[in-house]
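So the chains spell out like this:
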Amino acid sequence: MILALCLQIVAIAHATVIDPGPGSVKANQTVVVRGDRIVQVGDAERITIPSNARVIDATGEFVIPGLWDMHVHSVFGDWFPGGRDVILPLYIANGVTGVRDMGGELQVLQGWRDSITAGTLIGPRMVISGPMLDGYLADGKSMRFPSSIAVVTPDDAVHAVRTLASQHVDFIKVQSEVPRDAYLAAAAEAHRLGLPIVGHVPTRVRVDEAITAGQASIEHLMGLFEGCGTHEDQFVAGKGNMELLLDSYDKSRCDALIARVAKAHVAQCPTLYWQKGENLLDLIDQDHQPLARYVPMSWRTGAWRQFTDAIMGDIRKDPLERRQEYWHRNLTMTGALYHAGVLLLAGTDAAPGVFVVPGFSLHQELAEFVEAGLTPMDALRTATSNAAQFLKRGDIGRVGSGARADLVVLTANPLDDIHNTTTITTVIANGRVFDHAGLSDLLSGVERAAQSK
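Conventions and cut-offs
Residues numbered from 1 in each chain as written. Predicted model: local features only at pLDDT ≥ 70, side-chain atom pairs only at ≥ 80, totals over all residues. Heavy atoms only, no water. 1 Å grid on protein atoms, 1.4 Å probe; cavity = no way out; pocket = protein on both sides within 12 Å on 5 of 7 lines; lining within 4 Å. Points joined across faces, edges and corners; volume = space filled by probe spheres on them. Nonpolar A, V, L, I, M, F, W, Y, C, P; charged D, E, K, R; others polar. Buried < 20%, exposed > 50% of the residue type's maximum accessible area, 1.4 Å probe, protein only. Helix = DSSP H or I, 4+ residues; strand = E, 2+ residues; numbered from the N terminus. Pairing = 2+ DSSP bridges. Salt bridge = Lys/Arg side-chain N within 4 Å of Asp/Glu carboxyl O. Axes fitted to C-alpha atoms, helices over the stretch in contact; angles between N-to-C directions. Parallel < 35°, antiparallel > 145°, perpendicular 65-115°, else oblique. Contact = heavy atoms within 4.5 Å.

In this structure the tally under the stated criterion is 3 cavities of 30 Å³ or more. If you add up the space inside the largest cavity, you get close to 70 Å³. Surrounding the largest cavity, 10 residues form its lining, Ile-116, Leu-121, Ala-429, Asn-430 and Arg-432 being those nearest its centre. A per-class count over the lining of the largest cavity returns 6 nonpolar, 3 polar and 1 charged.

Taken across its 11 residues, strand S1 (residues 9-19) has 10 buried, putting it largely inside the fold. Relative to strand S2 (residues 24-34), S1 runs antiparallel, the two being bridged by 8 bridges. Within S2, the position partnered with Ile-12 by the bridge is Val-31. The turn joining S1 and S2, which pair antiparallel and follow one another in sequence, is formed by 4 residues; a positive phi near 75° is taken by Gly-23. Pairing geometry for S1 and strand S4 (residues 54-57), over 4 bridges, is parallel.

We now examine the pattern of salt bridges. Throughout the structure, instances matching the rule amount to 24 salt bridges. Among the salt bridges present, the one from Asp-255 reaches Lys-251, with a minimum N-O distance of 2.7 Å. Separated by 4 residues within a single helix, Asp-255 and Lys-251 lie in helix H9 (residues 251-263), roughly one turn from each other. A relative accessible area of 39% means that Asp-255 is categorised as partly exposed. Look at Lys-251 and you get exposed, because its relative accessible area is 52%.

Next up on the list: the packing of helix H10 (residues 272-279) against helix H13 (residues 320-339). Running from N to C, H10 and H13 cross one another at 170°; their axes reach a closest spacing of 10 Å. As summarised for this structure, H10 and H13 are arranged roughly antiparallel, according to the angle between their axes. Each of Leu-272, Gln-275, Lys-276 and Asn-279 in H10 lies in contact with H13, whose residues at this interface are Arg-323, Tyr-326, Trp-327, Asn-330, Leu-331 and Thr-334. Classifying every residue of the contact of H10 with H13 gives 4 nonpolar, 4 polar and 2 charged.

Read these as geometric descriptors, not functional statements.
Structure representation (structure tokens):
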């Protein structure tokens, strides 16, 4: 169902408002929305609700800002058909009102974004990289992922960055196979053009070099474990393995590296839920997943089957106990970054992660952050105010006058238990209200679409 956005007035009355940025928790508040903006927030007794407002009685409920998933792929070549009818509504149904798309088909994504902004398509706000920069695999002619631009030389890198800039991307995303000299050229050109460069730390690049090059965010904790060890040279030469990664850890080196990350203001998007699934994929029963009804069979027999086969072939090199230790180290590393003051971003790598189901996965990511040692309030920040800070946008990630009307109403307090972010009764996305019936309709529509793909 497609509805045009209208300048309706909505009042969420008598709620407890949780605003993660300032860390405020205020009871008995009323939030007034006009069109796509919040126009008033304050004590319920002191706010006069306009007579023509739609009133949502949120007595005993909690309001948080709309959530952002800061690492997604919504149109990944032809690997995930049905994204428009499956991925986009799943975000809204789960209170994810914004995403950072880290690699996809640019024209399709820009078209979706325009339609979402116009109110003719249901979906989240989007910041977009378009195709990723990547090098060739060992055969010299194949690339690992779709939606990629081959970058082998510095000239390739400069040309790719300029081309993407001319197509009005929001940032540049780099992948693992970009050669070192090409990576440095891409970073320099992106900075010259005023575009952030984000993504992987390429295999042949040291994490310290990525920091020096001004990479704005590092995904999946890449390069950090290698940089924390005494054998980083072997990993840069392509001769490392998980056993060496774990055994070569040096605390003093790691403390110094984390301090450098913090001082340089390099954000970290650890994608913990994805990391857990990749390293412990043999523990996932893919035939009995409760969210399978929202997943097209073409994903399960296509891209996810390819990923599963590739991952299983790789993880069998390490016993389960070693992989569990590596997963535990991911949590420990995230906690150390948090305590050092590094800006953390919630991202899930949906939909390429096997059974990393868009929307739902963001709530699972927040739970992993708490497992890593964050408070529930700070876990909420990773998907709200931290995203706003990283994107340099004052109009998102908060509940305040002038902010975009992206809000989530919960029946239970997420500060008591982070899993309570799933107790959603109402989502307001770009000023459009999805109440319980509307959210059910979204999920039902996804289920039907998934059955047809």
